[in-house]
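Report on the structure
Now for the letters of each chain:
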Amino acid sequence: MPELKTSVAEMVAKARDRIREIETSDAIAMVDDPNVVIVDIRDVRERQRSGFIPGSFHCPRGMLEFWVDPASPYYKDVFGQDKQFVFHCASGWRSALSVATLQDMGFEAAHLKEGFSTWEKQGGPVEFPAPKNPSE
């Protein structure tokens, strides 16, 4: 096994030292705020299995930087809104790294500190995707 110069845990810790983290209870209070966009960067299978935050925008982690950059051919208008963006993943690791990267790009955002893992336990609303029609 190759020896890495830094571990993912160290990378996440460094990211968390320089980004804004939001506690689950505070994020739950933001769900209906029209000035907040909650962005789910989990894989589509995670959303199907665990559900998602109502009204959240799904952006696969692998496309994040491309969807945020207005100069990219993949840019999504949702990221051009003058709103507060809160990113989340399952446990807060991917979203911490993502928000640190976005901050380096000049895009201000925060992340859900503990991720979706504590969302439902703390009373956050959850929706599930509609079942796919088997004939499609």
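All of these numbers come straight from a predicted model, not from anything done at the bench. Throughout this description, residue numbers start from 1 for each chain and increase along the sequence as written. Since the coordinates come from a predicted model, pLDDT governs what is reported: local features require at least 70, and pairs of side-chain atoms require 80 or more to be given and counted, while whole-chain, interface and lining totals use all residues. Excluded from the side-chain calculation are hydrogens and water; included are all heavy atoms of the structure.

The numbering of helices and of strands both runs from the N terminus, where a helix is a DSSP run of H or I of at least 4 residues and a strand a run of E of at least 2. Along the chain, the position of Arg 47 falls in helix H3 (residues 44-50). Buried, partly exposed and exposed residues are distinguished by accessible area as a fraction of the type maximum, computed with a 1.4 Å probe on protein chains only: under 20%, between the cut-offs, and over 50%, respectively. Accessibility expressed as a relative area gives 12% for Arg 47, which makes it buried. Definition of a polar contact: a pair of N or O atoms within 3.5 Å, with one able to donate and the other able to accept a hydrogen when the atoms are protein atoms, and with sequence-neighbouring residues admitted only if both atoms are side-chain atoms. A distance of 2.9 Å separates polar atoms of two side chains, one belonging to Arg 47 and the other to Asp 40. Any two residues having at least one pair of non-hydrogen atoms within 4.5 Å are treated as being in contact. Filtering out sequence-adjacent residues up to four positions away, Arg 47 remains in contact with Asp 40, Arg 42, Phe 52, Ser 56, His 58 and Pro 129.

Looking down a regular strand, the side chains alternate between one sheet face and the other. Most of strand E4 (residues 84-88) is tucked away, with 4 of its 5 residues classed as buried. Of the strand pairs in this sheet, strand E2 (residues 36-40) and E4 are connected by 5 bridges, and their pairing is parallel. Within E4, the residue paired with Val 37 across the bridge is Phe 85. Paired strands, in this sense, are two strands between which DSSP finds at least two bridges. Bridge count between E4 and strand E5 (residues 110-112): 2 bridges; the pairing is parallel. Counted as the bridge partner of Phe 87 is His 111 from E5. By convention, a crossover is right-handed whenever its connection, traced from the first strand over the helix to the second and viewed with the strands pointing away, goes clockwise. Where the polypeptide runs from E4 across helix H5 (residues 93-105) and back to E5, its parallel neighbour, the crossover connection is right-handed.

Moving on, we come to the packing of helix H1 (residues 8-16) against H5. At their nearest, the axes of H1 and H5 sit 9 Å apart, and the two run at 55° to each other. With respect to each other, H1 and H5 are oriented oblique. Crossing geometry of H1 relative to H5 is assigned as left-handed. Residue-level inspection shows Val 8, Ala 9, Met 11, Val 12, Ala 15 and Arg 16 of H1 in contact with H5, the latter providing Trp 93, Ala 96, Leu 97 and Ala 100. Charged means Asp, Glu, Lys or Arg here, nonpolar means Ala, Val, Leu, Ile, Met, Phe, Trp, Tyr, Cys or Pro, and polar covers whatever is left, Gly included. Of the residues assigned to the contact of H1 with H5, the class counts are 9 nonpolar, no polar and 1 charged. Fitted lines through C-alpha atoms give the axes, limited to the stretch in contact for helices. The angle between two N-to-C directions lies from 0 to 180 degrees. Small angles under 35 degrees read as roughly parallel and large ones over 145 as roughly antiparallel, with 65 to 115 read as roughly perpendicular and the rest as oblique. Two helices that cross are described as forming a left-handed crossing if the nearer one is turned anticlockwise from the farther one by less than a right angle, and a right-handed crossing if clockwise.

Between Lys or Arg on one side and Asp or Glu on the other, a salt bridge is scored when a side-chain nitrogen of the former is within 4 Å of a carboxyl oxygen of the latter. One pass over the full model with this rule turns up 8 salt bridges. Of the charged contacts in the structure, one is a salt bridge between Arg 16 and Glu 21, with a shortest N-O distance of 2.8 Å. The class of Arg 16 is partly exposed, set by a relative accessible area of 24%. A salt bridge links Arg 18 to Asp 104; the shortest N-O distance between them is 2.9 Å. Taken as a pair, Arg 18 in the loop between H1 and strand E1 (20-22) and Asp 104 in helix H5 lie far apart in primary sequence, 86 residues in all. Assessed through its relative accessible area of 57%, Asp 104 is described here as exposed. The network of salt bridges with shared partners includes Asp 40, Arg 42 and Arg 47.

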